[in-house]
Amino acid sequence: MIGTVANLARWEWFKLRRRWMLWILLAFAILFGQLAVWGSFFSYQNLVSTGGELTVPASLQSQQGRPPRTVSCNDLLSGDPARQPSDLDPSVVDGLRAQCRQQLATQPQRLQRAYENVTLPGSIPLALGTLQTLGLILIAVLTASAIGIDYGAGTLRSVLVQGTGRWPYLGAKLVTLVVLAGLALLAATATIAISSSVAERLVTAPAAASSATWSAAGVAIWKAWLSLIPYITLTAFVTVLARSSAAGMAIGLGYYFAEQILVALLSNFFSWFTTVADYLPVHSIAAWTGGSGFGAPAAPADLAHAGFVLVGYTLALGALAFWTFHRRDVQGATGGG
Amino acid sequence: MSDVAAGELVIETDGLTKRYGDVVAIDHLSLHVPKGGVFGFLGPNGSGKTTTMGVLLGLVQRTSGEARIFGDPVGHAATLRRIGAMVETPTFYPYLSGRANLRYFQGIGHRGTAADIDRLLDLVDLGKRADSKFATYSLGMKQRLGIACALLGDPELVFLDEPTNGLDPAGVVEVRELIRDLGRGGRTIVLSSHLLAETELVCDHVAVLSRGKLIVQGAMKELLHAKDSFWLGTTDDAAALTLLSAVPAVEHVVASDGELVVTAPPARAAEVTRALAEAGIYVTKLVPIRHTLESFFMEITETDPTTGRGLT
């Protein structure tokens, strides 16, 4: 059985690597990783050069018919009259200066955090956190396409008459997708690492020592990869059920946004719905990856709960996908791909 | 895994039934396909040919009944690896070339070696377009690739569903010759078609389906000659009609267009002429009526073989 699945997975890769879609999705993943790194780079540079920026209260600006603007703390605290904002009321400037003095106390920590986000290994958890949402969307598209093409082109019939067996064939597809998701994460991480190394040479390190660790980076990669698996099984089930890649993509992507809108909406109306939300897949994915070092850290108990929920969804949706795939009569091409 | 000895059946179904809700696609089908040669699986569109193939290939779940291939229940992976099949329109990955598609199906089914692919592509005359994407193929080329795919791994049993669809006349002749060649040497070809003239030229055995039911099956020659008849002209047709009705060799006799149509085995034609001569009635004309598969089909199914519509 394992040998059969391994052989089928090898030939699944033979098919997938010849599709433009795979490489375009990978390019998107890498691009978003790069955006995270270079976004952090410019953010750090800005923090160093301005000492932090404050936004002038919008109400004040609008009262005086001026567009929204920011002021640099370095300018405000420099004491140089030429660098002071001449267009603002002195009392407003005094207030902003006071805020800047408060911020100055935490400036070393802010610089350190910003520096960690630019350089290795701290840039990896941050970039993967940025990539997380896109990763779910990309893997949903790839999963629906890889499984749905056999319905659209009608090739499922040609495949099954070769004696592959239904379970091994679907199993090989899922294994290939899970492995590809991992490899794509590693590829994105590698490009993040290269960019971070370049960025590190372009910035000046702050005085405070970095607290980012390689183990946290490794955990972030591991959790990001695992968080994609429930979404692979969710999209696989929907695609098999609908016998269509288009339906798989639409429902796979739609669910991601629908759940978040639903949770946000119903949690405001019913307090008990926050408990229900703890058992929903996208919410659990957010809780699971939130504990990996990026975003708000989840408590260990939340992490375990999210992990159990995601394992449950993976097993249940995977079992449903296999059962449906096994039971259904195989028809001709449905069109599309 | 069972092996089928010479003279035994490679496909055997007993009471095979497939229902889609209230629609009965296959109705208690008991089919027997002998080993070797070309077996014609005939019937008008919608008669259940493709559904039966689907059940035999494990693509469609049967509602009831039994189906065995090589003596084993259908759907076993090991059994399927001894079978090649092209069911309905050939389906391949549109973004892969013809060669890459064959490599893929060869790889997943462990069917033969890389050298087989070139040989099969040449066999179906696709060598020059082997590296073009499948999406760019004409219907005839797709059909040829489907046949090549069905032959990967030199299978013992090959299902070909309407293999000449989309082929030009020269291509039809080539495929007909190919099918005839494939049926020699112990391999069994199950050929599903509604082109009865084509089927008659290549098949050794046939089964005829209509509305999911098996109408008849057997050796082609036996079926076509079972109702051998001839036009008979005599010096006294009215007396001959009465006389021949009592002759044991004559199964049926009827007056038609001023002549008699006599149904009797050709080997016993002498008995007919002798009986007439002894009664002083002399034969002026005796012309054998050759039954074609098409006429035989229309007679037993009372339907047009192409459209499946009833004959009025």
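Note that the structure is a prediction, hence the values are computed from the model and not measured. (Residues numbered from 1 in each chain as written. Chains lettered and ligands numbered in written order. Predicted model: local features only at pLDDT ≥ 70, side-chain atom pairs only at ≥ 80, totals over all residues.)

### Some words on the overall build of chain A
Here's step 1: Helix and strand counts for chain A come out as 13 helices and two strands.
Here's step 2: For chain A, the proportion of its 337 residues judged to be buried stands at 43%.
Here's step 3: Of all intrachain contacts in chain A linking residues separated by at least 6 positions in sequence, the fraction that spans at least 24 positions is 78%. (Helix = DSSP H or I, 4+ residues; strand = E, 2+ residues; numbered from the N terminus. Buried ≥ 20, exposed ≤ 12 C-beta atoms within 10 Å, placed from the backbone. Contact = placed C-beta atoms within 7 Å.)

### So, the overall build of chain B
Here's step 1: The number of helices and strands found in chain B is eleven helices and 15 strands.
Here's step 2: The buried share of chain B, taken over its 312 residues, is 44%.
Here's step 3: Counting only contacts in chain B whose residues sit at least 6 apart along the sequence, the fraction spanning at least 24 positions is 67%.

### Here's the deal with the sheet that holds strand β4 (residues 37-42) of chain B
By definition, the strands of a sheet pair up through backbone hydrogen bonds, in either a parallel or an antiparallel sense.
Residue and element names in this part refer to chain B.
Here's step 1: Taking strand neighbours across the sheet as the criterion, the six strands line up as β7-β8-β9-β4-β10-β11 in an open arrangement whose pairing is mixed. Each of the sheet's edge strands pairs with one partner strand only, and the pair in question is β7 (83-86) and β11 (213-219). The sheet shows a mean angle of 15 degrees between the axes of neighbouring strands, direction not considered.
Here's step 2: Sheet topology places β4 next to strand β10 (residues 205-210); four bridges connect them, and they run parallel. (Pairing = 2+ DSSP bridges. Axes fitted to C-alpha atoms, helices over the stretch in contact; angles between N-to-C directions.)

### Examining the sheet that holds strand β14 (residues 259-263) of chain B
Residue and element names in this part refer to chain B.
Here's step 1: Taken in spatial order, the four strands make up an open sheet running β13-β14-β12-β15, and their pairing is antiparallel. Edge positions in the open sheet fall to β13 (252-256) and β15 (283-289), since each of these has one partner strand only. Neighbour-to-neighbour, the strand axes of this sheet turn through a mean angle of 25 degrees, independent of strand direction.
Here's step 2: Bridge analysis of β13 against β14 gives five bridges, and the strand direction is antiparallel. Each bridged residue has a counterpart across the sheet, and for V254 the counterpart in β14 is V261.

### Let's talk about helix α1 (residues 49-56) of chain B
Residues and elements named next belong to chain B.
Here's step 1: For α1, the tally of buried residues reaches eight of eight residues, placing the bulk of the element in the interior.
Here's step 2: Among all positions of α1, only K49, T50, T51, T52, M53, G54, V55 and L56 are buried.
Here's step 3: Of the residues flanking the end of α1, it is G58, one or two places downstream, whose phi is positive at about 80 degrees.

### A closer look at the nonpolar core
Here's step 1: Grouped together as the largest cluster of nonpolar side chains are 152 residues, with contacts concentrated most on B:A148, B:F159 and B:L191.
Here's step 2: Counting residues per element, this core draws most heavily on helix α6 (residues 123-152) of chain A, which supplies 16 residues.
Here's step 3: Excluding anything up to four places from it in sequence, B:L191 contacts B:V38, B:F39, B:G40, B:F41, B:L160, B:I179, B:T199, B:V202 and B:C203.
Here's step 4: By size, the runner-up hydrophobic cluster in this structure holds ten residues, among which are B:A240, B:L244, B:V250 and B:A264. (Core = buried A, V, L, I, M, F, W, Y, C linked by C-beta atoms within 7 Å.)

### So, the pairing of strand β12 (residues 229-234) of chain B
Residues and elements named next belong to chain B.
Here's step 1: Both β12 and β14 contribute to a ladder of four bridges, which runs antiparallel. By the bridge assignment, S229 is partnered in β14 with T263.
Here's step 2: Relative to β15, β12 runs antiparallel, the two sharing six bridges. Considered in β15, the bridge of S229 is made with I289.

### Digging into the interface of chain B and chain A
Here's step 1: The interface is formed by 25 residues belonging to chain B together with 22 residues belonging to chain A.
Here's step 2: Elements with a contribution of two residues or more to the side of chain B that touches chain A: α2 (77-80) and α3 (98-109) of chain B.
Here's step 3: At five residues, the largest contribution of residues to the side of chain B that touches chain A is made by α3(B).
Here's step 4: Considering only residue class, the side of chain B that touches chain A consists of 17 nonpolar, six polar and two charged. (Nonpolar A, V, L, I, M, F, W, Y, C, P; charged D, E, K, R; others polar.)

### Considerations on the pairing of strand β8 (residues 157-161) of chain B
Residues and elements named next belong to chain B.
Here's step 1: The element β8 is extensively covered by neighbouring structure, given that five of its five residues are classed as buried.
Here's step 2: The side-chain alternation of β8 yields two buried faces, one formed by L157, F159 and D161 and the other by V158 and L160.
Here's step 3: By the bridge criterion, four bridges tie β7 to β8 in an arrangement that is parallel. The residue of β8 that forms the bridge with G84 is V158.
Here's step 4: Relative to strand β9 (residues 188-193), β8 is paired through five bridges, and the arrangement is parallel. Looking at the pairing, L160 lines up with L191 of β9.

By themselves these figures say nothing about function.
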